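Structure at a glance
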Amino acid sequence: FSSEELANARHGVSISESKAVAGAYETERMGAWVDGQQGRVGVSSERFFPIAGFGLHILRELIADCQGLAMFLGRMVHAFEFRRPLLSCLNEVWRYQYWQRNSVLTSDAVTEILISLTLLPLGFTDLTATIDGRVTCSDASMGGGGMCVSQGFTAAGITVLEQCMKSPLDVI
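Read on for an overview of the structure. These figures come from a predicted structure and were not determined experimentally.

Notes on the environment of Ile15
One can find Ile15 in the loop between helix H1 (3-10) and strand S1 (26-29). With 113 residues separating them in the primary sequence, Ile15 and Thr128 have C-alpha atoms 25 Å apart. Excluding residues that lie within four positions of it along the chain, Ile15 makes contacts with Asn8 and Ala20.

Okay, structure coming up:
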């Protein structure tokens, strides 16, 4: 057994053998395209292009059919779940989701949809990316902003890190 299989068994996590994919370089599972050669996870081209076409259709109409817009936003959330910061470009457009009637899209909503469509190709996770050891935090307001970068570990942080290295799932 691999260390992952042993950890799963120790914590009672079962794996469905009928749904498992082993030894494949590429697969699509639950709408996610996993490309083992490139080390990427994202939306497949079979889903990517219809999402883009749907967004262009919404922009062509400029009148928000709230049900259609909710469907589009759901597909964008799925596409952007592999690079979650991209979701930050969709703010104004969410205001229409719960409306019961059609409404004309504002210029801000149209801009957000256009930006989100241009960002669709970035909606993937690079599994080969390195992990930066720095921890950062930031905050901003109309009056200013700030950013902090970690300088090192506290004694408590080192203890937790050592526990994670020994048995990652036990620390959670």
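Describing the nonpolar core
The biggest cluster of nonpolar side chains holds 28 residues, and the ones touching the most others in it are Leu69, Phe72, Phe80, Leu105, Ile113 and Leu120. The set of elements that each furnish at least two residues to this core consists of helix H2 (45-61), helix H3 (66-80) and helix H4 (107-119). Setting aside residues no more than four positions away along its own chain, Phe72 makes contact with Ile51, Phe54, Gly55, Ile58, Ile113, Ser116 and Leu117.

Observations concerning the packing of aromatic side chains
All chains considered together, the criterion is met by 2 aromatic pairs. Considering the side-chain rings of Phe48 and Phe49, the 5.0 Å spacing of their centres and the 85 degrees angle between planes classify their relative orientation as edge-to-face. Relative accessible area serves as the criterion here: at 57%, Phe49 is assigned to the exposed category. Here Phe54 and Phe72 contribute two aromatic rings whose centre-to-centre distance is 6.1 Å and whose plane-to-plane angle is 80 degrees, an arrangement assigned as edge-to-face. Note that Phe54 is positioned in helix H2 and Phe72 in helix H3, a separation of 18 residues in sequence. You can call Phe54 buried: its relative accessible area is 17%. Lying over the aromatic face of Phe124, Arg40 brings its terminal NZ or CZ to 3.5 Å of the ring centre. Stacked on the ring of Phe124, the Lys or Arg Arg83 has its end atom at 4.9 Å from the ring centre.

So, the packing of H2 against H3
At a minimum axis distance of 10 Å, the contact between H2 and H3 shows a crossing angle of 145 degrees. The crossing of H2 and H3 is left-handed. Listed contacts from H3 to Arg47, Ile51, Phe54, Gly55 and Ile58 of H2 are Gly68, Leu69, Met71, Phe72, Arg75, Met76, His78 and Ala79.

The rules behind each value
Residues numbered from 1 in each chain as written. Predicted model: local features only at pLDDT ≥ 70, side-chain atom pairs only at ≥ 80, totals over all residues. Heavy atoms only, no water. Helix = DSSP H or I, 4+ residues; strand = E, 2+ residues; numbered from the N terminus. Contact = heavy atoms within 4.5 Å. Core = buried A, V, L, I, M, F, W, Y, C linked by side-chain atoms within 4.5 Å. Buried < 20%, exposed > 50% of the residue type's maximum accessible area, 1.4 Å probe, protein only. Phe/Tyr/Trp six-rings, centres within 6.5 Å; stacked < 30°, edge-to-face > 60°. Lys NZ or Arg CZ within 6 Å of the ring centre and 35° of its normal. Axes fitted to C-alpha atoms, helices over the stretch in contact; angles between N-to-C directions. Left-handed = near helix turned anticlockwise from the far one by under 90°.

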